[in-house]
Structures are given as structure tokens and as C-alpha cells.
Amino acid sequence: MGASSGPRFSGMQKQVLGLYRGFLRAARSKSPEDRRRIESFVSAEFRRNSKLVDRKNFLYIEYLLRRGKKQLEQLNSPATLGLSSLNLSFSENQKP
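No experiment lies behind these values; they were computed from the predicted model shown. (Residues numbered from 1 in each chain as written. Predicted model: local features only at pLDDT ≥ 70, side-chain atom pairs only at ≥ 80, totals over all residues. Heavy atoms only, no water.)

## Here we look at the nonpolar core
Here's step 1: Judged by nonpolar contacts, the single largest core of 13 residues is most densely connected at Leu19, Phe23, Ile38, Ile61, Leu65, Leu72 and Leu75.
Here's step 2: Counting only elements with at least two residues in this core, the list comes to helix H1 (11-27), helix H2 (32-52) and helix H3 (58-75). (Core = buried A, V, L, I, M, F, W, Y, C linked by side-chain atoms within 4.5 Å. Buried < 20%, exposed > 50% of the residue type's maximum accessible area, 1.4 Å probe, protein only. Helix = DSSP H or I, 4+ residues; strand = E, 2+ residues; numbered from the N terminus.)

Okay, here's the thing in C-alpha cells:
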């Protein structure tokens, strides 16, 4: 293979891109309707995190990578139909 003129990515960026591609590959094994839903969800989550997470917050990015790998393992299971997200928010007066 020759030298590429494309951008050079860090190791962590390569992991994130690999995880994203893994989700898209896993979505191909689902029904067309589920595939569209999964692709839309994954794209939205990655875009949301790219905007919200500071690029220098390596600990949190590593946490998201670990969580994403676990979700990808679940998605690769034949019994799994799709993905979902749980968003919790607490006010300052409430205790978790």
C-alpha cells in the first residue's frame, strides 16, 4: 500500500472511527427498517458526542469507547433488534 494523502488520525480517533464502522457493519445484519433506525441513532449519538465532549477529555472518551464496544457486542447478537439510550438528569435539589 502506498502513502495516503488523507488526514492522519491519532490512536483514539482510529478507535472511534473503528467503533462507528463496526456499528454500521452490525446494522447491515438487521432488517431494513431496523438498519435505518440503528444507522440514524448511531449517527446522531456520534455527532452529539463530538459536539458535547471536549477532545482533550481522554478519560471520558475512553469511557464512551468502552460503553460503545459493549453496546456493539449486544447489537451483534442475533436476538438484538436495535439500540436505545437512557438519559438521566438530576436537578441540584434531587439526590440520585
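## Structural notes on the packing of H1 against H3
Here's step 1: The geometry of H1 relative to H3 is characterised by a closest axis approach of 10 Å and an angle of 20° between their N-to-C directions. Between H1 and H3, the angle falls in the class roughly parallel. As H1 runs across H3, the sense of the crossing is left-handed. Across from Met12, Gln15, Val16, Leu19, Gly22, Phe23 and Ala26 in H1, the residues of H3 making contact are Phe58, Ile61, Glu62, Leu65, Gly68, Lys69, Gln71, Leu72 and Leu75.
Here's step 2: Tallied by class, residues from the contact of H1 with H3 come to 10 nonpolar, four polar and two charged. (Axes fitted to C-alpha atoms, helices over the stretch in contact; angles between N-to-C directions. Parallel < 35°, antiparallel > 145°, perpendicular 65-115°, else oblique. Left-handed = near helix turned anticlockwise from the far one by under 90°. Contact = heavy atoms within 4.5 Å. Nonpolar A, V, L, I, M, F, W, Y, C, P; charged D, E, K, R; others polar.)

## Focus: the environment of alanine 79
Here's step 1: Position of alanine 79 relative to the elements: it lies in the segment after H3.
Here's step 2: For alanine 79, a relative accessible area of 67% gives the class exposed.
Here's step 3: Considered as a pair, alanine 79 and lysine 30 are 49 residues apart in the sequence and their alpha carbons are 9.9 Å apart.

## Some remarks on the pattern of salt bridges
Here's step 1: Applying the stated criterion to the full structure yields four salt bridges.
Here's step 2: Here arginine 37 ties to aspartate 34 by a salt bridge, and the two come within 3.3 Å at their closest N and O atoms. Taken together, the residues arginine 37 and aspartate 34, both in helix H2 and three residues apart, mark about one turn of the helix.
Here's step 3: On the basis of relative accessibility, which here comes to 48%, the residue arginine 37 falls in the partly exposed class.
Here's step 4: Exposure remark for aspartate 34: the relative accessible area of 12% places this residue in the buried category.
Here's step 5: Linking glutamate 39 and arginine 35 is a salt bridge whose minimum nitrogen-to-oxygen distance equals 3.0 Å. With glutamate 39 and arginine 35 both in helix H2, this residue pair falls four residues apart, about one helical turn.
Here's step 6: Within this structure, Glu33, Asp34 and Arg37 form a network of salt bridges that share partners. (Salt bridge = Lys/Arg side-chain N within 4 Å of Asp/Glu carboxyl O.)

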